[in-house]
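Structural overview for review
Each chain, written out:
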Amino acid sequence: MNKKKIISIMSLLNIFNITFIVLLFYVQFSISKKTADRKDIENKINEITKALNINSTKNSTDGEKKKHPKIEEYSKNAHLRPTKCQVCRVLSEELLTEVQRSSSNNQELWLTNRLDGEDNDDEKKGKKISYKTSELRLMDILDRVCNNVYDYRSIAGPDFPYIKGVKSMFRQHLEDMMGQHKLSVKLDAPEELVEDPTYELRRMQYKCNQMIEEFEDDIYDWYLKNQSENPLEFICADKVLTSKEQDCLYASTEVPDFATQPKPIDKDESTKRNFHRGANLEL
């Protein structure tokens, strides 16, 4: 048997080993949901990243693969992410996104205590306001910003690991191997196992909602009086974070050479996934 055939067989075995680990982990995950506390579940989810060895590597001169120290650090510190700084940065970015998205709404609202709306007398109707400058618009925005964290994926390599509009490392790794060996594998597993194996996005959404509740007055102040200022500065740097916690605010999202470049999501693929339900994933 020649060398190429041996390598091909070993690669195929590696794929089936990965599939087996995923399915085995899914069974453990389902059982743990009922019997273990949240911390135990998170620890099990973190284990899958190490088991699958999905992080990027470079070939050494002798053909062996070694992880870059930053990739090792990324895997080791998964349970510490996201930090307060990372949550605030994503929150600020999504505030700007949602403000821009609703900027074309020219609707005008009447502030009144009437319910019928039949009287044409403007004075009796009440005060007329623009939706653009209303608190109602901000309430609509705040209802969406924290759910938008599911548009991001945690990527190994960049100084700021959260990138929007790309595939997860786990999904990309599986798709690459299936495409390379022309195999099709269907995994009946929770969506979060593929898109958020380290549970970071769930934690980010939870912390984002907490941050909005804690700093609601500062967010209102920015929206009503200081929209010309960058919320990254006005909210995060000046209100939420101490000087020692601001290291990530302007950290680069550029993926270095030692890491795998993330692939953009497919055009027909939903950018926002429901992590609370199981999903049939056909790769």
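Throughout what follows, the structure given in this document is the object of discussion. All values derive from a computational prediction rather than experimental measurement.

**As for a negative patch on the surface**
Residues Glu213, Glu214, Glu216 and Asp217 make up a contiguous surface patch of negative charge. Of the residues examined, Asp217 reaches a relative accessible area of 66% and is grouped as exposed.

**A closer look at the environment of Asp247**
Position of Asp247 relative to the elements: it lies in the loop between α11 (231-240) and β8 (278-282). Separated by 161 residues in sequence, Asp247 and Gln86 place their C-alpha atoms 9.2 Å apart.

**Structural notes on the nonpolar core**
Grouped together as the largest cluster of nonpolar side chains are 37 residues, with contacts concentrated most on Leu95, Leu142, Val145 and Ile212. A per-element tally of this core places helix α4 (residues 84-101) first, with seven residues. Those residues in contact with Ile212 that sit more than four places away from it in its chain are Leu91, Leu142, Val145, Cys146 and Ile219. Membership of the second largest hydrophobic core comes to ten residues, among which are Ile71, Ala156, Ile163 and Val166.

**Topic: the packing of α4 against helix α6 (residues 135-145)**
Here α4 crosses α6 at 130°, and the two axes come no closer than 10 Å. With respect to their mutual orientation, α4 and α6 come out oblique. Handedness of the crossing formed by α4 with α6: right-handed. Seen from α4, the contacting residues are Leu91, Glu94, Leu95, Glu98 and Val99; seen from α6, they are Arg137, Ile141, Leu142, Arg144 and Val145.

**Comments concerning the state of the cysteines**
Inspection of the entire model under this criterion finds three disulfides. Two residues, Cys88 and Cys236, share a disulfide whose sulfurs are 2.1 Å apart. Taking the torsion about the S-S bond as the criterion, the Cys88 to Cys236 disulfide, at about -105°, is left-handed. A residue pair is termed long-range when its members are at least 10 positions apart, and Cys88 in helix α4 and Cys236 in helix α11 qualify at 148 residues. Shown here is the disulfide that connects Cys146 with Cys208, its sulfur atoms set 2.1 Å apart.

**Observations concerning the packing of aromatic side chains**
Scanning all chains against the criterion turns up one aromatic pair. Summarising the aromatic geometry, the rings of Phe160 and Tyr162 are spaced 5.8 Å apart at their centres and angled 75° between planes, so their arrangement reads as edge-to-face. For Phe160, a relative accessible area of 1% translates into the label buried. Here Tyr162 falls in the buried class, since its relative accessible area comes to 2%. Stacked on the ring of Phe160, the Lys or Arg Arg89 has its end atom at 3.9 Å from the ring centre. Here the guanidinium or amino end of Lys239 rests over the ring plane of Phe234, the centre of that ring lying 5.2 Å away.

**Notes on the pattern of salt bridges**
Per the counting criterion, the structure on display carries eleven salt bridges. The partner of Glu93 in a salt bridge is Arg89, with the nearest N and O atoms 3.2 Å apart. Taken together, the positions of Glu93 and Arg89, both in helix α4 and four residues apart, correspond to about one turn of that helix. Under the relative-accessibility criterion, Glu93 is labelled partly exposed at 28%. Glu175 is the partner of Lys167 in a salt bridge, and the nearest nitrogen-oxygen pair spans 2.7 Å. What makes Glu175 partly exposed here is its relative accessible area of 25%. Residues joined by salt bridges that share partners form a network here, namely Arg153, Lys167, Arg171, Glu175 and Glu195.

**Some words on α6**
Three or four residues apart is the spacing at which side chains of an α-helix point the same way, because the helix has 3.6 residues per turn. Listed as buried for α6 are Arg137, Leu138, Ile141, Leu142 and Val145. All buried residues of α6 project into a common sector of 135° when viewed along the axis, lining one side. Looking at the buried side of α6, the elements it contacts are α4, α9 (200-214) and α10 (216-225).

Here is what the cut-offs are and how they apply
Residues numbered from 1 in each chain as written. Predicted model: local features only at pLDDT ≥ 70, side-chain atom pairs only at ≥ 80, totals over all residues. Heavy atoms only, no water. Patch = residues over 30% accessible without salt bridge, like charges linked within 9 Å, V, L, I, M, F, W, Y side chains within 5 Å. Areas by Shrake-Rupley, 256 points an atom, 1.4 Å probe, with all protein chains shown as cover. Salt bridge = Lys/Arg side-chain N within 4 Å of Asp/Glu carboxyl O. Lys, Arg positive; Asp, Glu negative; His and termini not counted. Charge placed at Lys NZ, Arg CZ, Asp CG, Glu CD. Buried < 20%, exposed > 50% of the residue type's maximum accessible area, 1.4 Å probe, protein only. Helix = DSSP H or I, 4+ residues; strand = E, 2+ residues; numbered from the N terminus. Core = buried A, V, L, I, M, F, W, Y, C linked by side-chain atoms within 4.5 Å. Contact = heavy atoms within 4.5 Å. Axes fitted to C-alpha atoms, helices over the stretch in contact; angles between N-to-C directions. Parallel < 35°, antiparallel > 145°, perpendicular 65-115°, else oblique. Left-handed = near helix turned anticlockwise from the far one by under 90°. Disulfide = S-S within 2.5 Å. Phe/Tyr/Trp six-rings, centres within 6.5 Å; stacked < 30°, edge-to-face > 60°. Lys NZ or Arg CZ within 6 Å of the ring centre and 35° of its normal. Arc of directions from axis to C-beta.

Without other data, these values stay purely geometric and don't point to any function.
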